[in-house]
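Topology and contacts: notes
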Amino acid sequence: MSKSGFGSYSRFSAAGGASGDNGQPSRGGATPPAKPRRPKAQIHNIIPCCVNQLLTSTLVDNVFKIRGIEISQVSIVGIIRQAERAPHYILYKIDDMTSKPIEVRQWFDGHKAKQEMIPLPVGVYAKVFGILKCTGEAKSLEVLKIRILEDMNEFTAHILETVNAHMTLYKARQATTGESTPVAPSGMDAAVDYGKHHLSFIRKEVLRLIRECPRLEGKSIRELQTELRSVSIRAIKEAIDYLTIEGHVYSSVDNEHFKSAD
């Protein structure tokens with residue numbers, strides 16, 4: 001990131017067969033009429049965000065802003081709640097627990113891509129690089145690149161990057177405009193509070209899966225690890241320990257199976 005805070009936060013090309021490319025125009029704003037095929041785009045000036053920031057951003061003169069900071073190409077990390085294939089794109093709903101899920105569209109780039117592109121599985125954590133769009137009152141992302149998270153440390157890193165990027169950008173804006181507002185005003189709360197959702201995110205997912213298990217013996221740790229593929233076994237066990245202490249779950253037939261106490 002440049003010293004001014006308004007330079008490129010990160011830069012790499014979406015061309016050349018990168019997984020998840022969909023060739024979108026590089027400027028955010030109101031969504032133009034849908035077309036099955038679009039030109040390749042370069043991924044640049046990526047600003048890490050949480051979903052709440054995107055959904056509460058303002059759109060003026062076809063430009064999105066968060067606390068006066070212009071945004072277009074962004075990155076988010078969250079769990080895939082929904083994945084549906086449409087005629088010209090794959091529709092995802094990504095949830096990072098800071099707000100309601102945001103819709104994410106991955107457009108097909110030609111007939112070959114349409115045949116080869118398979119939706120990512122529901123229930124896994126994914127990182128999305130995309131362009132913020134708005135149709136009517138609904139904001140969404142158009143995918144430049146999407147991939148499954150390989151390690152939950154990436155989630156933690158994204159949280160830290162989000163807070164750091166928005167704090168730095170806001171400081172740069174203050175220096176440019178001469179504003180004397182505190183560095184972390186109420187509009188920055190979403191970025192700062194984002195870090196608080198990391199652990200609760202995993203705990204809620206573990207509790208949900210245990211609650212949904214109909215078997216008398218309950219849910220096993222191995223099954224949880226299989227369904228939460230992006231979460232480490234250590235994080236799952238820590239979540240179970242917390243939920244057990246809080247009285248939400250209890251061990252059943254052995255120390256590897258758990259049932260909901262609710």
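Cut-offs and rules
- Residues numbered from 1 in each chain as written.
- Predicted model: local features only at pLDDT ≥ 70, side-chain atom pairs only at ≥ 80, totals over all residues.
- Heavy atoms only, no water.
- Phe/Tyr/Trp six-rings, centres within 6.5 Å; stacked < 30°, edge-to-face > 60°.
- Helix = DSSP H or I, 4+ residues; strand = E, 2+ residues; numbered from the N terminus.
- Buried < 20%, exposed > 50% of the residue type's maximum accessible area, 1.4 Å probe, protein only.
- Lys NZ or Arg CZ within 6 Å of the ring centre and 35° of its normal.
- Core = buried A, V, L, I, M, F, W, Y, C linked by side-chain atoms within 4.5 Å.
- Contact = heavy atoms within 4.5 Å.
- Disulfide = S-S within 2.5 Å.
- Pairing = 2+ DSSP bridges.

With that out of the way, let us pick up the packing of aromatic side chains. Summed over the entire model, instances satisfying the criterion amount to two aromatic pairs. Centre to centre, the rings of Tyr125 and Phe155 are 5.9 Å apart; their planes meet at 45°, and the pair counts as tilted. Of this pair, Tyr125 sits in strand β11 (residues 125-135) while Phe155 sits in helix α3 (residues 153-177); the two residues are 30 residues apart in sequence, bridging distant segments of the chain. Tyr125 sits in the buried class, given a relative accessible area of 1%. Residue classification places Phe155 among the buried positions, given a relative accessible area of 1%. Stacked on the ring of Tyr242, the Lys or Arg Arg203 has its end atom at 3.7 Å from the ring centre.

Let us now look at the nonpolar core. If you look at soluble globular proteins, the nonpolar side chains tend to sit buried side by side. Ranked by internal contacts, the top residues of the largest apolar core, which has 29 residues, are Leu54, Ile102 and Leu141. Taken together, the elements giving at least two residues each to this core come down to α1 (51-55), β6 (63-66), β7 (69-71), β8 (73-85), β9 (89-95), β10 (102-107), β11 and β12 (138-148). No other element matches the four residues that β11 contributes to this core. Apart from residues no more than four positions distant in its own chain, Leu54 is found in contact with Cys49, Ile71, Val74, Ile76, Ile102, Leu132, Lys139 and Leu141. In this structure, Ile202, Ile221, Ile240 and Leu243 belong to the second largest nonpolar core, which totals 25 residues.

Here is the idea: a disulfide is a covalent bond, and it sits between the sulfur atoms of two cysteines. In the structure shown here, the tally under the stated rule is zero disulfides. Among the cysteines around Cys49, which has no disulfide bond, Cys50 carries the closest sulfur, lying 7.1 Å off. With a relative accessible area of 0%, Cys49 lands in the buried category.

In this section: the sheet that holds strand β14 (residues 249-251). In spatial order, the strands read β13-β15-β14; together these three strands make up an open sheet with antiparallel pairing. Each edge of the open sheet carries a strand with a single partner, namely β13 (219-220) and β14. Taken together, the three bridges between β14 and strand β15 (residues 257-260) define a ladder with antiparallel strand orientation. For Ser251, the partnering residue across the bridge sits in β15 and is Phe258.

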